[in-house]
Amino acid sequence: MAEPSRRNILQMGGALGALGAIGAASPAWSWSPKGSVVGEGAGLDPKGVWDAEADPVVAAVIDRGETSKVNELLKTWTKNGQALPAGLPADLKAFMEKARQLPSWTDQGKLAAAVNFNEKRGLYLGVTYGFVSGMMSTVIPREARAVYYSKGGADMRDRITKTAKLGYDVGTKNAFAPDGEMIVTCVKTRLAHAGVRHLLPKSPHWDKVADEAIPISQADMMVTWHSLPTTVMQQLNQWKVPIAAAESDGFLHSWQLTAHMLGIKDEYIPASWDEANAQAAQVLTPILGPTPEGVKLADTLLNLAEFVDGGHVSAPVLSALTRYTLGDEVAGWLKIRETPFWSGILETAWEPFIAVREGLLSLEKAPGPVQKFYWLFDEILRLGVLLVLSGAKFPISIEIPEMNNPNYPN
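**Student:** Can you walk me through the overall build of the protein in this structure?
**Tutor:** For the protein, the helix and strand inventory stands at 19 helices and zero strands. Across the protein, contacts joining residues at least 24 apart in sequence account for 76% of those joining residues at least 6 apart.

Below is the structure:
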């Protein structure tokens, strides 16, 4: 499908859809591969690059009708050092054996520092992954559309638990070790992405609103990547969470490895936080915008906590938290209602609460709202973890899709 012109977009439909489509059109690529983890590369625009190794292999598996068989076999592959299951198609097995290898630039010292970071900041990460990165994904137009019309859009709680597994596994002490699970999670996610690339273009519903012929390009993956570690670190810095330089570097390295294992080319992976922030400013910030699909996904996310209290408190608190972290403009795009009471508490007391938790401020000297609602803020942090685990089917199995969203059949 050709990139739409502004005139064509405006002719296609309402203002909301037009804004979303315009937002998806990112500026020309100018980030230099010299700023990448390998310091070199062809410098090709990642919007025209996908996954040349995974895509044809997974497409062949789907076209041969082997998807169900492969998914059943892969359920038994759970540990990084475990042998691949017997019975996998030869072409898929060969690809996976190569894809599971860590790159030569892996730094075990930095990974050890990442463990320290994750142990100290685990509760914050639950909130930032879930209600900063998670909600941000609904205003990334291409991602919102791809999620909504692919199989994952039919069961958002299931999809969230599978996405959350990536964030959980990268934070474990043995993430990339033989007895860990992060390599497995990344390779399975890479296979799932390849399946979506093969199937989603066949959806007339996606094709009608998409501004790309094939979803999940290298650019799309880097946008999603920035919505995770880059945005998380920016948020923690904004909250004035004290982080040792070595632990910050370690956290970045764990996500650099994650990018590589997900099939992102090394030349697109930033080598430092400065490079990550510079790239995000070019590829993430300018493309944010509303879509009808994103609005519906956001509403689903905000109501996932209904099982806790029927949504009476959790929904307004999560609405206020989304508005507080992502801003009024994004909240307006997502049609998130204003909750003045909870918004006022967050604006007044959230950062002092962080200071108390970090031992930088005594609770007795904290502002009154912090003293009164300290327990509630602590529960908000725990809710971020609870939401992504609730309703999960264990063990969580990331699979190659065999269809698009059945609610929007081809």
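**Student:** So what exactly am I meant to see when it comes to the environment of Asn118 here?
**Tutor:** With respect to the helices, strands and loops of the structure, Asn118 is situated in helix α6 (residues 108–136). The spatial distance from the C-alpha of Asn118 to the C-alpha of Gly171 is 5.5 Å, given a sequence separation of 53 residues. Beyond its immediate stretch of four places on either side in the chain, Asn118 contacts Leu125, Val170, Gly171 and Phe251. In this structure the side chain of Asn118 is engaged in a polar contact, spanning 2.9 Å, whose partner is the backbone oxygen of Ala114.

**Student:** Explanation requested: the side chain of Ser343 in the structure shown.
**Tutor:** Inspection of the secondary structure puts Ser343 in helix α18 (residues 340–357). The residues touching Ser343, leaving out its near neighbours within four places in the chain, are Ala320 and Arg323.

**Student:** Sorry if this is basic, but what is going on with the side chain of Thr291 here?
**Tutor:** Note that Thr291 resides in the loop between α13 (273–283) and α14 (292–302). The buried category is assigned to Thr291, whose relative accessible area is 0%. At a separation of 2.9 Å, a polar atom in the side chain of Thr291 contacts the main-chain amide nitrogen of Gly294.

**Student:** I tried to follow the packing of aromatic side chains on my own but got confused; where do I start?
**Tutor:** By convention here, two paired aromatic rings are described through the distance between centres and the angle between planes. Applying the stated criterion across every chain yields a total of eleven aromatic pairs. Between Trp29 and Tyr268, the ring centres sit 5.8 Å apart and the planes meet at 85°, which makes this aromatic pair edge-to-face. One end of the pair, Trp29, is in the loop between α2 (15–24) and α3 (54–63); the other, Tyr268, is in the loop between α12 (245–261) and α13, with 239 residues separating them in the sequence. Since its relative accessible area comes to 16%, Trp29 is described here as buried. For Tyr268, a relative accessible area of 1% corresponds to the buried category. Of the aromatic side chains, those joined through ring pairs into one cluster are Trp239, Trp350, Phe353 and Tyr374.

**Student:** Please explain α3 as it appears in this structure.
**Tutor:** An α-helical segment advances 3.6 residues per turn. Residues three or four places apart therefore align on the same side. In terms of burial, α3 is largely enclosed, as seven of its ten residues are buried. If you check which residues of α3 are buried, you get Ala54, Asp55, Val57, Val58, Ala59, Val61 and Ile62. Tucked into the core, α3 has its buried residues touching α4 (67–74), α5 (90–99) and α9 (182–199). Positive backbone phi, approximately 75°, marks Gly65, located one or two places after α3.

About the thresholds
Chains are numbered independently. Their residues run from 1 in the order of the written sequence. The model is predicted, so local features are restricted to residues of pLDDT at least 70 and side-chain atom pairs to those at 80 or more, both for listing and for counting; the totals for chains, interfaces and linings are taken over all residues. Note: side-chain values were computed over all heavy atoms of the structure, leaving out hydrogens and water. Helix numbering and strand numbering both begin at the N terminus, where a helix is a DSSP run of H or I of at least 4 residues and a strand a DSSP run of E of at least 2. Contacts are residue-level and defined by heavy atoms, with any inter-residue pair within 4.5 Å sufficient. A 3.5 Å cut-off defines polar contacts: any pair of N or O atoms within that distance qualifies, except that in protein one atom must be a possible hydrogen donor and the other a possible acceptor, and neighbouring residues in sequence count only when both atoms are side-chain atoms. Residue exposure (1.4 Å probe, protein chains only): buried if accessible area is under 20% of the type maximum, exposed if over 50%, otherwise partly exposed. Geometry of aromatic contacts follows a simple scheme: Phe, Tyr and Trp rings, the Trp one being its six-membered ring, pair when their centres are within 6.5 Å, and the pair is stacked under 30 degrees between planes, edge-to-face over 60, tilted otherwise.

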